[in-house]
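# Structural description and commentary
What follows is the residue order along each chain.
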Amino acid sequence: MGTEVISASDSGISRALLEWYEANHRDLPWRRNPEPYRVWVSEIMLQQTRVDTVIPYFERFLDRFPTLSDLAAASEDEVLTLWSGLGYYRRARSLLAGAKTVIEHHAGVFPRDYEAALEIPGVGPYTAAAILSVAYGEPWPVLDGNVERVLTRILRLADNPRTAATKKYLKEIAGGWMPRGKASSFNQAMMELGALICVPVSPNCAACPIHDACAAAEHGDPENFPKLPPRRKTVAVELEAGIIRRGKRYLLERNEDLDYLEGLWSFPLARPDSGGIAARLRKRLATSIEEGAELEAIRHSITFRRLTLRPRILGAGSFSTRAKPSFRWGRADELGNVLPVSSLCLKIADRLS
DNA sequence: GTCCAGCTCC
DNA sequence: GGAGCTGGAC
């Protein structure tokens, strides 16, 4: 890896990029009033999640928790409920823990210091740089997936961009191009370029403000970058969901035994290879369970697992959920509104209406 | 239907 | 190094 790459035209790249950004950037809710708390919430929600998906969640979250103090005082279940369907629920737990940390250790103000920011739960190198640059104008270059793609294409860099050495190198490049006093708009411009123009498939090089400086565009192979390592192969997982209804309410269970969706409510789930949902509930509820109709299967992916979930109507003898805190009754309209759930649970509920 | 992007933490 | 979730692209 060289260190003198594209130094002569740096100022040209920055100027063209910033001009493009001023004229073309999207009007997003968190950009209107980029105070640290709002930027923080947006950055956490935007991790692994598309802008269009985040916008309604962001609005609803800020309506309910307008300030850091409001959030810090909330229960984890309420935060998770507002997160229901957004995925990666650890982000919600970390955000709440982080809000409490900022109240307790930083007088309620997100720290301006990079190392201090990294101490906050859920805040890693990317998020720290994003918040400090966008909210405070501190000159930390961001390296997210968009910037990684833009830079590896400009440099036509075939190295694995996920290694520590390459990330360090790419951040040095971005930092070197960052104009003094323009950290916020420069970082956002790099990410916006990746999101709107320098997209993974069929990038719009003709519309790119810096295509003259791009080695991959010149070579005609931008889609070959970044070169990422192969992903883990997917595995098929079979699941059964048990649907037990009492009037308008359904039996729900907090996920505990799954390796995912932990702590969220769901229709009771079980692996058929461990006896299935009827056997599980017979044992957990100590009552008789009879199997009814099986509903259409639901497909849902969680990282490398491809779930095929078969909802089954069950009839149950008498039992009580008292003294069984992992079970409760809930109406379908409470899922995601009062009770924290995943979108898998919402898909099951959709089958019932 | 299948593939894919994406940041933090353990 | 690998796992966590979802929805949009193809």
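Not measured: the values here are computed from a predicted model. (Residues numbered from 1 in each chain as written. Chains lettered and ligands numbered in written order. Predicted model: local features only at pLDDT ≥ 70, side-chain atom pairs only at ≥ 80, totals over all residues. Heavy atoms only, no water.)

## A word on the nonpolar core
Note the following rule: Take the buried Ala, Val, Leu, Ile, Met, Phe, Trp, Tyr and Cys residues and link them wherever side-chain atoms come within 4.5 Å; each set so joined is a nonpolar core. Accessibility here uses a 1.4 Å probe with only protein chains present; expressed as a share of the type maximum, an area under 20% marks a residue as buried, one over 50% as exposed, and anything in between as partly exposed. Helix and strand assignments come from DSSP, with helices taken as H or I runs of at least 4 residues and strands as E runs of at least 2, each series counted from the N terminus. Contact between two residues is taken to exist if any of their heavy atoms lie within 4.5 Å; hydrogens are not considered.
Formed by 101 residues in total, the largest nonpolar core has its most connected members in Trp40, Phe61, Phe110 and Phe267. Broken down by element, this core gets its largest block of residues, nine residues, from helix H9 (residues 125-136). Those residues in contact with Phe110, other than ones at most four positions away along the chain, are Pro36, Trp40, Val102, Ala117, Ile120, Val123, Ile131, Leu132 and Tyr136. Formed by twelve residues, the second largest nonpolar core is a distinct cluster that contains Leu251, Ile277, Ala278 and Leu281.

## Observations concerning the protein's contact with DNA strand B
To keep things clear, this is the line we draw: The rule for a residue being near a molecule or strand is that one of its heavy atoms must lie within 4 Å of it. What qualifies as a polar contact is a pair of N or O atoms within 3.5 Å, subject to a donor-acceptor requirement within protein and to the restriction that residues adjacent in sequence count only when both atoms come from side chains. When residues are sorted by character, Ala, Val, Leu, Ile, Met, Phe, Trp, Tyr, Cys and Pro go into the nonpolar class, Asp, Glu, Lys and Arg into the charged class, and all the rest, Gly among them, into the polar class.
Contacts to DNA strand B come from 17 residues, most closely from Gln48, Gly122, Thr127, Asp144 and Gly145. Near the protein, meaning within 4 Å, the atoms of DNA strand B are sugar or phosphate in a fraction of 62%, with bases accounting for the rest. Backbone polar atom of Gln48 to a base nitrogen of DNA strand B: 2.6 Å apart, as the coordinates give it. For DNA strand B, a phosphate oxygen lies 3.0 Å from a polar atom in the backbone of Gly124. Within the residue set of the surface near DNA strand B, elements represented by two or more residues are H9 and helix H10 (145-155). Of the residues assigned to the surface near DNA strand B, the class counts are five nonpolar, seven polar and five charged.

## Some words on the protein's contact with DNA strand C
In the region of DNA strand C, 20 residues are neighbours, and Arg232, His300, Ser301, Thr303 and Arg305 sit closest. With three residues, the single largest contributor to the surface near DNA strand C is strand S7 (residues 298-302). For the surface near DNA strand C, a count of residues per class yields eight nonpolar, eight polar and four charged.

## Quick look at the pairing of strand S8 (residues 305-316)
Put simply, the rule reads: A pair of strands is labelled paired if DSSP reports no fewer than 2 bridges between them.
Looking at chain direction, strand S1 (residues 235-243) and S8 are connected through nine bridges and run parallel. Considered in S8, the bridge of Val237 is made with Leu307. Bridging between strand S6 (residues 289-294) and S8 involves four bridges; their strand directions are antiparallel. Bridged to Ile289 within S8 is Ala316. Across five bridges, the pairing between S7 and S8 is antiparallel. For Arg299, the partnering residue across the bridge sits in S8 and is Thr308. The antiparallel pairing of S7 with S8 creates a hairpin that spans two residues between the two strands, and Thr303 there sits at a positive phi of about 45 degrees.

## As for helix H15 (residues 343-352)
Applied cut-off: The directions from the helix axis to the C-beta atoms are what the arc is built from.
Within H15 the residues assigned to the buried category are Leu344, Cys345, Ile348 and Ala349. Angularly, the buried residues of H15 cover 140 degrees about the axis, an arc narrow enough to put them on a single face. Packing partners of the buried residues in H15 comprise S1, strand S4 (265-266), strand S5 (269-270), S7 and S8. Where H15 starts, the residue carrying a side-chain oxygen 3.2 Å from the main-chain nitrogen of Leu344 turns out to be Ser342.

## Quick word on the pattern of salt bridges
What counts here: Salt bridges are counted wherever a side-chain nitrogen of Lys or Arg sits within 4 Å of a carboxyl oxygen of Asp or Glu.
Across all of its chains, the model carries 19 salt bridges by this definition. Of the charged contacts in the structure, one is a salt bridge between Glu148 and Arg162, with a shortest N-O distance of 3.0 Å. Residue Glu148 is located in helix H10, and its partner Arg162 is located in the loop between H10 and helix H11 (164-177); the two are separated by 14 residues in the primary sequence. When its relative accessible area of 45% is taken as the criterion, Arg162 is described as partly exposed. Of the charged contacts, one joins Arg312 and Glu291 as a salt bridge, the two residues approaching to 3.4 Å between their closest N and O atoms. Of this pair, Arg312 sits in strand S8 while Glu291 is found in strand S6, placing the two residues 21 residues apart along the sequence.

## Comments concerning the packing of helix H4 (residues 51-64) against helix H6 (residues 76-83)
Test applied: Throughout, an axis means a line fitted to C-alpha atoms (over the contacting stretch in the case of helices), and angles, computed between N-to-C directions, take values from 0 to 180 degrees. Note that the term roughly parallel is reserved for angles under 35 degrees, roughly antiparallel for angles over 145, roughly perpendicular for angles of 65 to 115, and oblique for everything else.
The geometry of H4 relative to H6 is characterised by a closest axis approach of 9 Å and an angle of 150 degrees between their N-to-C directions. By the angle between their directions, the pair H4 and H6 is classed as roughly antiparallel. For the pair formed by H4 and H6, the contact residues are Tyr57, Arg60, Phe61 and Arg64 on the first element and Glu78, Val79, Thr81, Leu82 and Trp83 on the second. Of the residues belonging to the contact of H4 with H6, the class tally is five nonpolar, one polar and three charged.

## Focus on the packing of aromatic side chains
Where two aromatic rings form a pair, the distance of their centres and the angle of their planes describe that pair. Rules: Each Phe, Tyr or Trp ring, with Trp reduced to its six-membered ring, pairs with another whose centre is within 6.5 Å; inter-plane angles below 30 degrees give stacked pairs, above 60 give edge-to-face pairs, and intermediate values give tilted ones.
The full count for this structure, using the stated rule, is seven aromatic pairs. Arranged with centres 5.0 Å apart and planes meeting at 65 degrees, the rings of Trp40 and Phe110 form a pair that is edge-to-face. Taken together, the positions of Trp40 in helix H3 (residues 36-46) and Phe110 in the loop between helix H7 (90-105) and helix H8 (114-118) put the pair 70 residues apart, joining distant regions of the chain. Both rings, one in Phe61 and one in Trp83, keep their centres 6.0 Å apart while their planes meet at 85 degrees; by these two values the pair is edge-to-face. In this pair, Phe61 sits in helix H4 while Trp83 sits in helix H6, placing the two residues 22 residues apart along the sequence. Judged by relative accessible area, which is 0%, Phe61 ranks as buried. Grouped by ring-pair contacts, the aromatic residues Phe61, Phe65 and Trp83 constitute a single cluster.

## Some details on unusual backbone geometry
Looking along the chain, the bond that leaves Phe225 and enters Pro226 is cis, with omega of -5 degrees. Take Pro226: it is sitting in the loop between helix H13 (215-219) and S1. Located in the positive-phi region is Ala107, a residue other than glycine, with phi close to 55 degrees. Mapped onto the elements of the fold, Ala107 is located in the loop between H7 and H8.

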